[in-house]
Amino acid sequence: MRESALRKETGERQSRHAARMTEWQEAVRGLARRAEDLAQPGLSFVRTSFYDSLKAERNQSVSGRRGTGKTHLFRSLYDEYATHFKEHRVVPVHLSGTVLRQSVKVMVSHPPAVGFVLYAEFVRELARLVCDYICREREPRLPDDALGRERRDNVRRARLVARELHQALAAGKLVYLPGADQSDETLTVTESAERIGGRSAVADPACLGWDISAGVPTIEYKELRAIVPSVIKGRLVITAVQVVALVRSVLDLLGQASLVVLFDDWSEVDGDIEIQPYLAEMLRRAFGPDSRVRMKFACVPARTRFSTFVSGDAPSRIGFEENEDIFHDIDLDSSTFTDNDLRQSLLFHALLLKEHVGSAVEWVREMDYREFERLLCSELFEGVEVFAELCRASAGVPRDFLALLRESIRAQQFSKSDSIGFRHVRFAASEFYGVKRRSLDPEGFELLVLDRIYRELVVPKRSRLFLVPERMAARSDINLLWTERLIHRLPWRYYDADALSRSQYFVIDYGCCADQPSEAAPGGELGGSRALLSEFRPGEWFTELREPVRSMSFPRLTEWAEECIAGIGRPEDSPVRPAELTLKPELFQP
């Protein structure tokens, strides 16, 4: 009887375990592919020091390649501001450069004119989003009941101003005013292309307006009466300057609130990078003087330009000047995975996995960190080193980490294994690397350069690391390979005292070498890279994880990582010297 009961209990336990693993695998496969698809981004967001940096009271740019978490960061901050208005007194606006570009039909080609049209759509979208935030009824964000009578009246007035402003711009016809509101002449933006001129001209936001002759909203309150639309040739026109003034009046009515514009996908506002400084210049002129309006831009490096010089009688710079008008405070690519960052990386990715899956699976969400660590190291993966290999393969890009996990689970199920092993991670990395390669022109020079790096440096030197001389690091082919995550830039440089030259460290994507045999340390990492990196201090790129997550919350991961770091050889023990890993100019010859 006891044996029968024991077998029954064992069978039930195995059945529960199998059901739980099935639920886990289905949850991972069902995870959102992009942050834009998350219904509640805050539930799966891993909070690092970048989050607090983004709250600084100044214009900022957030750079990072695709998948590094720019949109997730913006959406999570938006949710905090939106749900805690009383604490922050911030009206948040989150808009996308991609959506902005798709919303307009640009009939002109001059960069100043295109920037002018995009700015017009930005103003229209800003009015809509401010209205949407203030007037949202499904979940009131402004605590009317907690306010006094005067403040309740101000909130109602703010909602009226925002609603009528949105309606006016949505119904109005965009026009160009050569002499601003002092002129009696109006032109459509297409008609005004020649007036705006060529590259040397800069359009003035004051020359932008909307003809609202048809269907003017009722003006009931002094906030709207104080800025009466201009009458030009018998038509009612509200100018962009008046729109900005109305937005400021809304902020005043909400108790001197601030406006934070989270401008996502800035690099996608137009296919021509030359357009961006002209749009930036109009934003600077319109909102720069107001300290209560802060602009935050999410952008892709090498596809972003906030300022440029324009020619003319007196050449001058236009747009946002770095460290004066805008500050590059956050670089999400600085967290590229390296062995010296192993502890921080493992903690970050373990928490990332718990938060994402926990947002969909209740029993994962309710686990404490040590329980989740046991699940991770004993059931989901064949060991800590396999999980570390998955982190290494992702190069610190969260979206790639989740994509590789999905592919590893698929390989695990195909092989009918109980948990994920090295072979599954390497198969996933190899497949994903092929996907990234196919994003480039198969006959293009970029892939030729990549293959030469692999043949000339990676294979003979048995090291994924390589160095690019500083003068070559800005090449378009290197930048494209990096942007598409086929190579990864490390946050270090090498100085050659003999040649008096600097080089940038890069590492080729793990998937490129996933099928290579190796005699190296845990996980089969290609030899040479561990020893070479030991000349650097361990980094702190994944700092300040969300409380109460610290090293002791994941003790097994922490202990394993610290043992690995301690085992990294000294620089002089490495068989490969930096000079041997430097790209030669002839590799770039056609």
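These remarks concern the structure in this document. Small disclaimer: the values here were computed from a predicted structure and weren't measured. (Residues numbered from 1 in each chain as written. Predicted model: local features only at pLDDT ≥ 70, side-chain atom pairs only at ≥ 80, totals over all residues. Heavy atoms only, no water.)

Let us now look at the overall build of the protein chain. Scanning the protein chain from terminus to terminus reveals 21 helices and 14 strands. Across the 590 residues that make up the protein chain, the buried fraction comes to 56%. Summarising the internal contacts of the protein chain: among those between residues at least 6 apart in sequence, 77% fall at separations of at least 24. (Helix = DSSP H or I, 4+ residues; strand = E, 2+ residues; numbered from the N terminus. Buried < 20%, exposed > 50% of the residue type's maximum accessible area, 1.4 Å probe, protein only. Contact = heavy atoms within 4.5 Å.)

Let us look at helix α17 (residues 422-437). For α17, spanning 16 residues, the distance from its first C-alpha to its last is 22 Å, which sits close to the expected 22 Å at 1.5 Å a residue. Every buried residue of α17 is accounted for by His 424, Val 425, Ala 428, Ala 429, Phe 432, Tyr 433, Gly 434 and Lys 436. Buried-residue contacts for α17 involve α15 (384-394), α16 (398-415) and α18 (445-461). (Expected span 1.5 Å × (residues − 1).)

Let us now look at helix α11 (residues 276-287). Here α11 is 12 residues long and its end C-alpha atoms lie 16 Å apart, about the 16 Å a rise of 1.5 Å per residue gives. Buried within α11 we find Gln 276, Pro 277, Tyr 278, Leu 279, Ala 280, Glu 281, Met 282, Leu 283, Ala 286 and Phe 287. Residues of α11 that are buried in the fold lie against α6 (111-135), α10 (240-253), β7 (258-264), β8 (293-299), β9 (307-310) and β10 (316-319).

A few words on the pattern of salt bridges. Two side chains carrying opposite charge are able to pair once their charged atoms lie near each other. According to the stated counting rule, one finds 25 salt bridges in the structure shown. The partner of Lys 55 in a salt bridge is Glu 80, with the nearest N and O atoms 2.9 Å apart. Here the residue Lys 55 occupies a position in the loop between α2 (49-53) and β1 (60-63), and Glu 80 occupies one in helix α3 (residues 70-83), the gap between them amounting to 25 residues. By relative accessible area, Lys 55 is classed as partly exposed at 22%. By relative accessible area, which is 14% here, Glu 80 ends up buried. The partner of Asp 477 in a salt bridge is Arg 475, with the nearest N and O atoms 2.7 Å apart. Here the salt bridges do not stand alone but share partners, grouping Asp 400, Lys 436, Arg 485 and Asp 509 into one network. (Salt bridge = Lys/Arg side-chain N within 4 Å of Asp/Glu carboxyl O.)

This next bit is on the sheet that holds strand β6 (residues 235-239). Spatially, β3-β4-β6-β5 is the arrangement adopted by the 4 strands of the open sheet, whose pairing is antiparallel. The open sheet has two edge strands, β3 (173-176) and β5 (230-232), and neither has a second partner. The average undirected angle you get between the axes of adjacent strands in this sheet is 45 degrees. Of the strand pairs in this sheet, β3 and strand β4 (residues 208-211) are connected by 4 bridges, and their pairing is antiparallel. Counterpart to Lys 173 in the pairing with β4 is Asp 211. (Pairing = 2+ DSSP bridges. Axes fitted to C-alpha atoms, helices over the stretch in contact; angles between N-to-C directions.)

A word on the packing of α15 against helix α21 (residues 555-566). In the contact formed by α15 and α21, the axes pass within 11 Å of each other and the chain directions differ by 75 degrees. Here α15 is positioned roughly perpendicular relative to α21, judged by the angle of their axes. Each of Val 384, Glu 385, Phe 387 and Ala 388 in α15 lies in contact with α21, whose residues at this interface are Arg 556, Leu 557 and Trp 560. Taken together, the residues of the contact of α15 with α21 sort by class into 5 nonpolar, no polar and 2 charged. (Parallel < 35°, antiparallel > 145°, perpendicular 65-115°, else oblique. Nonpolar A, V, L, I, M, F, W, Y, C, P; charged D, E, K, R; others polar.)

Overall, antiparallel pairing links the 3 strands, which are arranged β12-β14-β13 in an open sheet. Strands at the two margins of the open sheet, each flanked by one partner only, are β12 (465-469) and β13 (487-496). Neighbouring strand axes in the sheet, compared pairwise and without regard to direction, differ in orientation by 35 degrees on average. Here β12 pairs with strand β14 (residues 501-508) via 5 bridges, running antiparallel. In the strand pairing of β14, Val 468 is matched with Gln 504. The strands touched by helix α19 (residues 476-483) within the sheet are β13 and β14, with β13 carrying the most contacts at an inclination of about 130 degrees.

Along the chain, Ala 35 turns up in the loop between α1 (2-29) and α2. Ala 35 gets classed as buried once you look at its relative accessible area, which sits at 13%. Remark: the alpha-carbon pair of Ala 35 and Leu 73, spanning 38 residues in sequence, is separated by 9.0 Å. Contacts of Ala 35, omitting those with residues within four sequence positions, involve Thr 71, His 72 and Arg 75.

What follows covers the side chain of Ser 408. Inspection of the secondary structure assignment puts Ser 408 in helix α16. Among the polar contacts listed, one links the side chain of Ser 408 to the backbone oxygen of Leu 404, at a separation of 2.8 Å. With sequence-adjacent residues up to four places away left out, Ser 408 is seen in contact with Leu 390, Ile 420, His 424, Val 425 and Ala 428. (Polar contact = N/O pair within 3.5 Å; in protein donor to acceptor, adjacent residues only side chain to side chain.)

Now for the packing of aromatic side chains. Taken as a whole and judged by the stated rule, the model has 16 aromatic pairs. Between the aromatic rings of Trp 24 and Phe 372, the centroid separation amounts to 6.4 Å while the plane-to-plane angle is 45 degrees, which identifies the pairing as tilted. Of this pair, Trp 24 sits in helix α1 while Phe 372 sits in helix α14 (residues 369-380), and the two are 348 residues apart along the sequence. Here the two residues Trp 24 and Phe 372 agree in accessibility, since each one is buried. Ring geometry for Trp 266 versus Phe 306: centroids 5.4 Å apart, planes at 15 degrees, classification stacked. Separated by 40 residues along the polypeptide, Trp 266 in the loop between β7 and α11 and Phe 306 in the loop between β8 and β9 bring together distant segments of the chain. Phe 306 carries the same exposure label as Trp 266, and that label is buried. (Phe/Tyr/Trp six-rings, centres within 6.5 Å; stacked < 30°, edge-to-face > 60°.)

This brings us to the nonpolar core. As a rule of thumb, soluble globular proteins bury nonpolar side chains together. Ranked by internal contacts, the top residues of the largest apolar core, which has 82 residues, are Tyr 119, Phe 122, Trp 210, Leu 259, Trp 266 and Leu 283. When residues in this core are grouped by element, the largest group, 16 residues, is from α6. For Tyr 119, the residues in contact, after removing those within four places along its chain, are Pro 205, Leu 208, Ala 240, Val 244, Leu 279, Met 282, Leu 283 and Ala 286. Counting residues in hydrophobic clusters, the runner-up holds 50 residues, among them Leu 353, Met 367, Val 384 and Ala 514. (Core = buried A, V, L, I, M, F, W, Y, C linked by side-chain atoms within 4.5 Å.)

Moving on: the pairing of β6. Strand direction decides the pairing type here: β4 and β6, joined by 3 bridges, are antiparallel. Bridge pairing in β6 places Trp 210 opposite Ile 238. Examined bridge by bridge, β5 and β6 share 3 bridges and lie antiparallel to one another. Each bridged residue has a counterpart across the sheet, and for Ser 230 the counterpart in β6 is Val 237.

This paragraph deals with the side chain of Arg 65. Along the chain, Arg 65 falls in the loop between β1 and α3. At 3.1 Å, the side chain of Arg 65 and the side chain of His 488 are in polar contact. Setting aside residues up to four positions removed in sequence, Arg 65 forms contacts with Lys 70, Pro 301, Asp 333, Thr 336, Val 397, Trp 482, Thr 483, Arg 485, Ile 487 and His 488.

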